[in-house]
Amino acid sequence: MIMKSSMTKTEPKKIAFSGIQPSGIIHIGNYLGSIQLWLEVQGHYDAIFSVVNLHAITVPQNPKDLKANTLNAAKTFLASGIDPEKATIFVQSDVPEHAQLYWTLGTITKLSELYLMTQFKDKSQGTETVLSGLLTYPVLMAADILLYNTTTVPVGDDQRQHVELAREIARRFNDMFGKTFVVPQALIHKTGSRIMGLDNPGKKMSKSAANKNNYIALTDTAADVASKIKKAVTDSEGSIYYDIDKKPGVSNLLTILSLITGSSIKDLEKTYREQTTYAGLKNDTTTALVDFISAFQKRYRNISDAEVKHHLDLGAQKARAMASQKLEEVYERMGLSL
Ligand code: AMP
Ligand code: TRP
């Protein structure tokens, strides 16, 4: 997926930054849409991955749960194969420069730009009181990205608009104060960039879904997986091929199976060409997911909290060293340092 051929030895290393909110569940949409890409970039890029707890508090959190979820999210990075020798992992609030840069960037971001964000519209819809953090969330995300001279942001498709705004903010700052920020690019998988809800394949799989059958969590048991895939919404046509508009449920299962097993969608279509029910596809998807999740959980159980904390401490030190330089540059440019 990553174009290694274009990366010669003399070329400066590219820098990848991404984050996941510690809001409890990490589902296979997060894994296939985002973490799988992180695994591809680490080693080829200077990679920095953050548990973005300051983003998580834009919706109410129980402090005790937030702490536990933060540690568990970092453990998930490690159990997924993120290698702290190759990548920097840290907790966002351990590097105060994120909140500091957020403030300065907020002074050049238009309200009209923030109101346009789909995620803000979705999350604020139906709530009586809309808190300002929900609106300014993408400015903090821009700060996360721009602090590290990030060239590449591996994310799911739902974050495309936020990365676009980060690019706009970087260009604006550079125009106003002189070249300071690298203008980053989103790196989005062609397949898997949007894993859909199992109960409603018209909408993306989401941890905030009311129905637990919407997602497969990395913490699900084999029985959970089997039951959720069995109930996954499909259609009544009885033939298996990829067509996102006509057959969103079947296409979603093909995408999941393809990404987990590494088989192409074309090959999967051939495998199931003669089948007239979805039972085979569902069984195979269940088996592939259960194999993947049980191996993941085994690795997860073998990682101690102390080990995670150790890597997060080291990661925060490394991240701070980079972030403080960039913030100093910004303060200098803006006339904030004497
Ligand atoms: P979040 O859980 O919102 O912090 O998202 C973490 C990462 O997972 C981001 O890169 C998202 O774009 C990605 N992601 C979240 N939901 C999905 C989904 N349903 N399909 C693909 N990627 C997703
Ligand atoms: N907003 C992202 C999400 O909800 C998480 C995130 C925060 C992020 N800061 C980031 C992703 C910086 C990439 C880069 O998924």
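Procedures and definitions
- Residues numbered from 1 in each chain as written.
- Chains lettered and ligands numbered in written order.
- Predicted model: local features only at pLDDT ≥ 70, side-chain atom pairs only at ≥ 80, totals over all residues.
- Heavy atoms only, no water.
- Helix = DSSP H or I, 4+ residues; strand = E, 2+ residues; numbered from the N terminus.
- Rg over C-alpha atoms; globule rule 2.2 N^0.38 Å.
- Buried < 20%, exposed > 50% of the residue type's maximum accessible area, 1.4 Å probe, protein only.
- Contact = heavy atoms within 4.5 Å.
- Areas by Shrake-Rupley, 256 points an atom, 1.4 Å probe, with all protein chains shown as cover.
- Near = heavy atom within 4 Å.
- Polar contact = N/O pair within 3.5 Å; in protein donor to acceptor, adjacent residues only side chain to side chain.
- Nonpolar A, V, L, I, M, F, W, Y, C, P; charged D, E, K, R; others polar.
- pLDDT = per-residue confidence, 0-100.
- Phe/Tyr/Trp six-rings, centres within 6.5 Å; stacked < 30°, edge-to-face > 60°.
- Lys NZ or Arg CZ within 6 Å of the ring centre and 35° of its normal.

Engineer: I'd like a description of the overall build of the protein, backed by residues and values.
Structural biologist: Of regular secondary structure, the protein possesses 13 helices and five strands. Relative to the 2.2 N^0.38 estimate, which gives 20 Å for 338 residues, the radius of gyration of the protein is 21 Å and therefore close to what a compact globule would have. Viewed in the frame of its principal axes, the protein has a C-alpha envelope of about 75 × 45 × 45 Å. Taking all 338 residues of the protein together, the buried fraction comes to 49%. For the protein, the share of sequence-separated contacts (at least 6 apart) that also reach a separation of at least 24 residues comes to 76%. Per element, the accessible surface of the protein, about 16600 Å² overall, is 53% carbon and sulfur.

Engineer: Break down the environment of Lys14 for me, with residues and values.
Structural biologist: Topologically, Lys14 is positioned in strand S1 (residues 14–20). Apart from the residues lying within four places of it in its own chain, the contact partners of Lys14 are Tyr45, Asp46, Thr151 and Thr152.

Engineer: Tell me what's going on with the site of ligand 1, and back it up with residues and numbers.
Structural biologist: Around ligand 1 sit 18 residues in total, of which Gly156, Asp158, Ile195, Met205 and Lys207 are the nearest. Ser34 is positioned with one of its side-chain polar atoms (N or O) 3.0 Å from an oxygen atom of ligand 1. Between ligand 1 and Asp158, the relevant distance is 2.4 Å, taken from an oxygen atom to a side-chain nitrogen or oxygen of the residue. Protein burial of ligand 1: of its 490 Å² of free accessible surface, 94% is covered by the chains. With four residues, helix H1 (residues 28–41) is the largest single contributor of residues to the shell around ligand 1. Residue classes in the shell around ligand 1 are distributed as four nonpolar, 10 polar and four charged.

Engineer: Lay out the confidence of the model for the protein in plain terms, naming residues and giving numbers.
Structural biologist: Chain-level pLDDT for the protein is 95 on average; 96% of the residues reach the 70-or-more range. Confidence drops under pLDDT 50 across residues 3–8; counting only partners more than four residues distant or on other chains, this segment forms four contacts.

Engineer: Now, about the site of ligand 2: what can you tell me, with residues and values included?
Structural biologist: Surrounding ligand 2, one finds 13 residues, the nearest of these being Gln21, Tyr137, Met141, Asp144 and Gln159. A distance of 3.0 Å separates an oxygen atom of ligand 2 from a polar side-chain atom of Gln21. Take Asp144: an N or O atom from its side chain is 2.6 Å from a nitrogen atom of ligand 2. Contact with the protein chains removes 91% of the 370 Å² of surface that ligand 2 exposes when unbound. Counting residues per element, the shell around ligand 2 draws most heavily on helix H7 (residues 132–146), which supplies four residues.

Engineer: Any chance you could break down the packing of aromatic side chains for me, citing the residues and the numbers?
Structural biologist: Here the structure, examined in full by the defined rule, presents 10 aromatic pairs. Geometrically, the ring pair formed by Phe296 and Tyr300 is tilted, given 5.8 Å between the ring centres and 40 degrees between the ring planes. Remark: Tyr300 and Phe296 occur in helix H12 (residues 279–301); sequence separation between them is four residues, near one turn of the helix. In this pair, the class of Phe296 matches that of Tyr300, namely buried. Through a chain of ring-to-ring contacts, the aromatic side chains of Phe17, Phe90 and Tyr148 assemble into a single cluster. A cation sits over an aromatic face here: Lys75 above Tyr300, 5.4 Å from the ring centre. Note that Lys247 overlies the ring of Tyr241, its terminal NZ or CZ placed 5.1 Å from the centroid.

Engineer: Would you mind going over the side chain of Asn252 in detail, with residue names and values included?
Structural biologist: Along the polypeptide, Asn252 turns up in helix H10 (residues 248–261). Note on Asn252: relative accessible area 4%, which makes it buried. A polar contact is formed between the side chain of Asn252 and the backbone oxygen of Met196, at a distance of 2.8 Å. If near-sequence neighbours (up to four positions away) are discounted, Asn252 is found in contact with Ile195, Met196, Gly197 and Leu198.

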